Structure formats: structure tokens, C-alpha cells
Amino acid sequence: MKKIVAINGSPRAMWNTGTLVREAAKGAESEGAEVKVIDLYQLEKFTGCISCFGCKLPEHKGVCVCQDGLAPVLEEIRQADGLIIGTPNYLGDVSAGVRALYERLIFQSLSYKQDPMCYNEHFIPVLFIMTSNAPEEFYTPEGYGKVIENYKGALSTFVGPTEVMISGDTLQVENYDKYNWTYFDPEAKKKRHETVFPEEKKKAFALGAEMVKGKV
């Protein structure tokens, strides 16, 4: 049985990002995988890379030695057959929690040697999901797309082949009137959430299933 780790990198467990991560997890389960869903912001306190270089020492090479809330997550990923990471777009980047995970996940495998360049010998498929208040048209090579390609490139190099899913123009809150926001069209946001987002849930489900079948 394949083991998949699915990480929700949003502070909100059951909003856009959390929903799509869980749909991808359900897709993986539908193909017989064992899935562990982790809400990053519900873990014990953790940090990004602390530059201790413990992962470069011969006795620990390729393994982050920092013992905090992320340590068991990194171990789960080392034992996994696939990884799903979901994050909201915060100011044009991933959430702070996902950035911390990314630093710890990637840096432990970076050898600082010409050969091997990467300590990781267990490559697994990755599904990287980003939800975004901004529409998908913003994800051009000159815009947010550049950021996404950087994450995709590093994940593909140090973790495994990475598939990206973008969900744009998402519904941020249920009641826009509460905040007196004038930048958005609340009705259009709600309509998209009711018509387009369900299709994106199906897409996430399918991508989770395809990961287990070896198509991601």
C-alpha cells in the first residue's frame, strides 16, 4: 500500500486550501493509498532552517536534525510514496508555515558537493496546490508564475517530479460586508465558489488519484 502525506499549509483547516488538499487526499485514498493529512498550523511550534548545518554532517547527512514540530513531518515525508502540499498565496508567495517546511525539506538534501548534489535517494511525486485571491491570469511567467516555477524546480530536483495546481479568484470570507471591502465583487466571488470551485475539487481529487497510479 502506498503512503501519501498531504499537508495543508493554510492557517484555516477547512477553507479553500484545506478543502483542496483534503480532496486530493481522498483521491489518493480512492486508489488504495494510506493518507496522512497534516494541518501545518496545528503543529507544535516550529521554525524554518536555523542554519546549523547538522544535515551536512556524515552521521546525519540528508536529515534535518532540528527537533521541533516539523521534525515528525519531515520523517513522515521520508517514509512516504507521495507528497501533497497546499498553500494560500500570501503577498505573492507561499504561507510562512509552508516556507518553513520548504526550507527544511529542501536544505537537508542539498549536499554542497558536486557529486552527489542531492543527498535524497528516495524521490517521490509531489502535488503542489496554491489557492489565490488573485485570478489565474496573474500566474504568468512575469508574474506569480515565476514564483511557482522556482518552487516547482526545487521540489522536482530535491524531492521528486512536481505537478502544480492553481485555484485563483477564490472566496476569501463568507461575509464581505463585514469588512467593508470595496476592491472585490462579493457576488462574483460567491458565484465562482459555487460553480468553479466544485470543479477544482474534482480536479484535486483526480490529481491525488493519479499520484497513486503513477501519473503525477
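As the structure is a prediction and not an experimental result, all values here were calculated from the model.

What counts, and at which threshold
Residues numbered from 1 in each chain as written. Predicted model: local features only at pLDDT ≥ 70, side-chain atom pairs only at ≥ 80, totals over all residues. Heavy atoms only, no water. Core = buried A, V, L, I, M, F, W, Y, C linked by side-chain atoms within 4.5 Å. Buried < 20%, exposed > 50% of the residue type's maximum accessible area, 1.4 Å probe, protein only. Helix = DSSP H or I, 4+ residues; strand = E, 2+ residues; numbered from the N terminus. Contact = heavy atoms within 4.5 Å. Pairing = 2+ DSSP bridges. Right-handed = clockwise from strand over helix to strand, strands pointing away. Phe/Tyr/Trp six-rings, centres within 6.5 Å; stacked < 30°, edge-to-face > 60°. Lys NZ or Arg CZ within 6 Å of the ring centre and 35° of its normal. Expected span 1.5 Å × (residues − 1).

S.K.: Explanation requested: the nonpolar core in the structure shown.
M.R.: Soluble globular proteins tend to bury their nonpolar side chains together. By size, the foremost hydrophobic cluster in this structure holds 33 residues, and its most contacted members are Ile7, Ile77, Leu83, Leu101, Phe128 and Val159. Contributions of two or more residues to this core are made by β1 (3-8), α2 (71-78), β3 (82-88), α3 (96-107), β4 (126-131) and α4 (144-158). Considering every element that reaches this core, the biggest residue donor is α3, with six residues. Once residues within four sequence positions are removed from consideration, Ile77 is found in contact with Val5, Ile7, Leu83, Leu101, Leu105 and Ile124. Judged by nonpolar contacts, the second largest core, of 18 residues, contains Val21, Ala24, Ile129 and Ala204.

S.K.: What should I look at first to understand the pairing of strand β5 (residues 162-167) in this one?
M.R.: One face of the sheet, then the other: side chains in a regular strand alternate in exactly this way. Pairing geometry for β4 and β5, over six bridges, is parallel. Looking at β5, one finds that Thr131 is bridged to Ser167. Traced from β4 through α4 to β5, the parallel crossover comes out right-handed.

S.K.: Explanation requested: the environment of Arg78 in the structure shown.
M.R.: Along the chain, Arg78 turns up in helix α2. Using a relative accessible area of 23% as the deciding quantity, one classes Arg78 as partly exposed. Separated by 91 residues in the primary sequence, Arg78 and Asp169 have C-alpha atoms spaced 34 Å apart. Aside from chain neighbours lying at most four places away, what touches Arg78 is Gly62, Val63, Cys64, Gln108 and His122.

S.K.: Looking at this model, I keep getting lost on the packing of aromatic side chains. Mind explaining?
M.R.: Aromatic rings in a pair are described by how distant their centres are and how their planes are angled relative to each other. Evaluation of the coordinates by the stated rule reveals eleven aromatic pairs. When the ring of Phe128 is compared with that of Tyr151, the centres are 6.0 Å apart and the planes differ by 15°; the resulting orientation is stacked. Linking Phe128 in strand β4 with Tyr151 in helix α4, this pair joins segments that are 23 residues apart in sequence. As far as burial versus exposure is concerned, Phe128 and Tyr151 are alike and both buried. Seen in terms of ring centroids, Tyr139 and Tyr144 are 5.2 Å apart; in terms of plane orientation they differ by 55°. Their pairing is tilted. Taking the relative accessible area as the measure of exposure, Tyr144 reaches 26% and is therefore partly exposed. Members of the aromatic cluster, each reached through a chain of ring pairs, are Tyr176, Tyr179, Trp181, Tyr183 and Phe184. Note that Lys56 overlies the ring of Phe107, its terminal NZ or CZ placed 3.9 Å from the centroid. Lys56 extends its terminal NZ or CZ atom over the ring of Tyr112, reaching a point 5.6 Å from the ring centre.

S.K.: How do you make sense of helix α6 (residues 197-212) when you look at a structure like this?
M.R.: The periodicity of an α-helix, 3.6 residues per turn, causes residues three or four places apart in sequence to face the same way. A rise of 1.5 Å per residue sets the reference length of α6, with its 16 residues, at 22 Å; its end C-alpha atoms lie 23 Å apart and thus fit the reference within 8%. Residues of α6 that are buried include every one of Phe197, Glu200, Ala204, Leu207, Gly208, Ala209, Met211 and Val212, and no others. Next to the buried residues of α6 lie β1, α1 (16-30), β3, β4, β5 and α5 (186-195). Looking one or two residues beyond α6, the residue adopting positive phi is Gly214, at roughly 85°.

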